[in-house]
Amino acid sequence: MSDRGWLAEMLYGMVPERFAGSMVEYFDGTLRLPHSTRYPVYIAEESPWLIEPMRAANDPAIKRVDVRGPAGAAKSLIGEMHIAWCVDNDPGLYYYVHQSDPDGVDAMEDRILPMLQANDFLAKRLPNDRHKQRIAKIAFPHMSLYCVGANMSAAQSKRVKFLTMEEPHMYKPGMMSAFEKRCEGVRNAKILTLSTGSVLGDESDNAFQSGTCEEWQVPCPHCRQFQRMTDGRDRLIYTQGEKTKDENGQYNWKDILPTVRYNCEHCGQDWPADEASRRAQAQQGRYEATNPNAPEWHRSFHWEAAAVHYFPLGSLLMEKLKASYAAKAGQIEPLRDYIQKRRALAWDESPTDADGDLNFERMKGAYLKGDPFEG
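Cut-offs used in this document
- Residues numbered from 1 in each chain as written.
- Predicted model: local features only at pLDDT ≥ 70, side-chain atom pairs only at ≥ 80, totals over all residues.
- Heavy atoms only, no water.
- Helix = DSSP H or I, 4+ residues; strand = E, 2+ residues; numbered from the N terminus.
- Contact = heavy atoms within 4.5 Å.
- Areas by Shrake-Rupley, 256 points an atom, 1.4 Å probe, with all protein chains shown as cover.
- Phe/Tyr/Trp six-rings, centres within 6.5 Å; stacked < 30°, edge-to-face > 60°.
- Lys NZ or Arg CZ within 6 Å of the ring centre and 35° of its normal.
- Buried < 20%, exposed > 50% of the residue type's maximum accessible area, 1.4 Å probe, protein only.
- 1 Å grid on protein atoms, 1.4 Å probe; cavity = no way out; pocket = protein on both sides within 12 Å on 5 of 7 lines; lining within 4 Å.
- Points joined across faces, edges and corners; volume = space filled by probe spheres on them.
- Patch = residues over 30% accessible without salt bridge, like charges linked within 9 Å, V, L, I, M, F, W, Y side chains within 5 Å.
- Salt bridge = Lys/Arg side-chain N within 4 Å of Asp/Glu carboxyl O.
- Lys, Arg positive; Asp, Glu negative; His and termini not counted.
- Charge placed at Lys NZ, Arg CZ, Asp CG, Glu CD.
- Pairing = 2+ DSSP bridges.
- Axes fitted to C-alpha atoms, helices over the stretch in contact; angles between N-to-C directions.
- Parallel < 35°, antiparallel > 145°, perpendicular 65-115°, else oblique.
- Left-handed = near helix turned anticlockwise from the far one by under 90°.
- Nonpolar A, V, L, I, M, F, W, Y, C, P; charged D, E, K, R; others polar.

Engineer: Please explain the overall build of the protein chain as it appears in this structure.
Structural biologist: A tally of regular secondary structure across the protein chain gives 14 helices and 13 strands. Taking all contacts inside the protein chain whose residues are at least 6 apart in sequence as the whole, residues at least 24 apart take part in 74%. Total accessible area on the protein chain stands at roughly 18,500 Å², and carbon and sulfur atoms take up 49% of it.

Engineer: Explain the packing of aromatic side chains to me, please; I cannot follow it from the model alone.
Structural biologist: Centre distance and the angle of the planes are the two values used to describe a pair of aromatic rings. What the rule picks out here adds up to 13 aromatic pairs. Following the ring pairs from residue to residue traces out a cluster consisting of Tyr26, Phe27, Trp85 and Phe121. One Lys or Arg, Lys63, reaches over the ring of Trp297 and ends 5.6 Å from the middle of that ring. One residue, Arg286, lies across the ring of Phe226, its end atom 3.6 Å from the ring centre.

Engineer: Looking at this model, I keep getting lost on the environment of Ala44. Mind explaining?
Structural biologist: In this fold, Ala44 is placed in the loop between α2 (23-27) and α3 (51-57). Here Ala44 falls in the buried class, since its relative accessible area comes to 6%. In this structure the C-alpha to C-alpha distance between Ala44 and Phe27, which are 17 residues apart in sequence, comes to 8.6 Å. Excluding residues within four positions of it along the chain, Ala44 makes contact with Val24, Asp28 and Ile51.

Engineer: Looking at this structure, how should I read the layout of surface pockets?
Structural biologist: Rolling a probe over the atoms, with the probe sized like a water molecule, indicates the empty space that remains. When its volume is computed, the second largest pocket comes out at roughly 550 Å³. Ala73, Ala74, Lys75, Leu77 and Arg111 are, among the 28 residues lining the second largest pocket, the residues nearest its centre. Of all elements in the fold, only α4 (75-88), β2 (94-98) and α5 (101-118) reach the threshold of two or more residues within the lining of the second largest pocket.

Engineer: Even after reading the chapter, I still don't get a negative patch on the surface, so can you show me in this structure?
Structural biologist: On the surface, Asp101, Asp103, Asp106, Glu109 and Asp110 cluster together into a patch of negative charge. Following the sequence through the fold, Asp103 ends up in helix α5. The class of Asp103 is partly exposed, set by a relative accessible area of 32%.

Engineer: Please explain the sheet that holds strand β10 (residues 261-263) as it appears in this structure.
Structural biologist: Adjacent strands of a sheet pair through backbone hydrogen bonds, lying either parallel or antiparallel. Pairing is antiparallel in the open sheet, where three strands are placed in the order β9-β10-β11. Looking at the sheet topology across the chains shown, the edges are occupied by β9 (236-237) and β11 (270-271). Strand direction decides the pairing type here: β10 and β11, joined by two bridges, are antiparallel. Bridge pairing links Asn263 to Asp270 in β11.

Engineer: Help me understand the packing of α4 against α5, please; the structure alone is not making it clear to me.
Structural biologist: Between two packed helices, the angle of one axis relative to the other and the distance separating the axes together describe the packing. The geometry of α4 relative to α5 is characterised by a closest axis approach of 11 Å and an angle of 40° between their N-to-C directions. Considering the angle they form, α4 stands oblique to α5. Classified by chirality, the crossing of α5 by α4 is right-handed. In this structure, α4 uses Ser76, Glu80, Ile83 and Ala84 to contact α5, whose residues at the interface are Arg111, Ile112 and Met115. Taken together, the residues of the contact of α4 with α5 break down into four nonpolar, one polar and two charged.

Engineer: It is not clear to me how the pairing of strand β7 (residues 214-219) should be interpreted in this structure. Could you clarify?
Structural biologist: In the case of a regular strand, side chains alternate between the two sheet surfaces. Of all six residues in β7, six are buried; the element is thus mostly enclosed. Neither face of β7 is open: one carries Glu214, Trp216 and Val218, the other Glu215, Gln217 and Pro219, and all of them are buried. Inspection of the sheet shows β7 paired to strand β12 (residues 286-289) by four bridges, in the antiparallel sense. Each residue of the ladder has a partner; that of Trp216, found in β12, is Tyr287. Bridge count for β7 against strand β13 (residues 298-302) is two bridges, and the pairing is parallel. Looking across to β13, one finds that Glu214 is bridged to Phe301. Looking at chain direction, β7 and strand β8 (residues 226-228) are connected through three bridges and run antiparallel. Considered in β8, the bridge of Pro219 is made with Phe226. Where β7 hands over to β8, the hairpin turn is made up of six residues, of which Arg224 adopts a positive phi near 70°.

Engineer: What is the right way to look at unusual backbone geometry in this model?
Structural biologist: In this structure, Glu167 is a non-glycine residue whose phi angle is positive, near 45°. Along the chain, the position of Glu167 falls in the loop between β5 (162-166) and α8 (175-180). The phi torsion at Ala344 lies on the positive side, around 55°, for a residue other than glycine. The residue Ala344 is located in the loop between α13 (333-341) and α14 (360-363) in this model. On the accessibility criterion, Ala344 (5% relative accessible area) is buried.

Here's what the structure looks like:
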């Protein structure tokens, strides 16, 4: 290697040239994701609900981004791509916080480090000294990355430029604000939270509500009216008939599931339920802000499982009906799990439902007029 080449290799990345666009354009079709079970390379159009949150995540004018989405809808990809972006374009001390230290170690070993190693332009920036790659830390020549648990010792140690918190609603009370203080006084600091639904009024929920509260909307294929795609408000429907339930009152899923479809809240027409049609429809989606009072530097985003084209609508409805049935029998946990992990909403501990779908009085043991009862 020539002296010029050796010097260029040694100084590689020390003075990064920032890409003019967003990390969506920067990584689209190029970033390898060896941990992904669905897409080995990032393709932006495969998950259009992630595009705007990703753009906000590396927009210098945005100081905070709160993302609320269903389990399995690639929320963590936003944080992982943001790490890749910072390593290659915008270095700074980075904290990636998980519920516990073992969770942080798993994220580093199973997802983040394999991603860095699988992409040559990122692998070049990894330290040559193996002692600088620890279980939960990578000391790059130009920045350090930590994957830590949500504990007080980690929350009191360093000033950080970038802070990403996974599932912060699972943290102990006060832990979110403790980590947020690590960014105080740091120039161009960025806070990113990635979560399913939380609990109404907790730290995570309050943070989301303080932002723009942008809802993912798609147009009806018939009337073209945009609307939030949700399984609330009787939007997920199925054909009911004599075969819907058997003689014991149990749902006949074999006959129900093929008839499940989404119904437009404006024109009342049914939408095609196949994955290809739903995928094409998602390409036309957009976010609509619902909180006009949010500061311009704080954006928050929300979408539900019904909007994700690779989640079968029949499976979602079956899970919802089972959770509703369990709730009527006094078993609230399946419903709470459904509201938080499928609809990505804050669970309300009071006897009300987010969209009025279910009557919580019956869950508490009271009977509704006309309900059968033994004896």
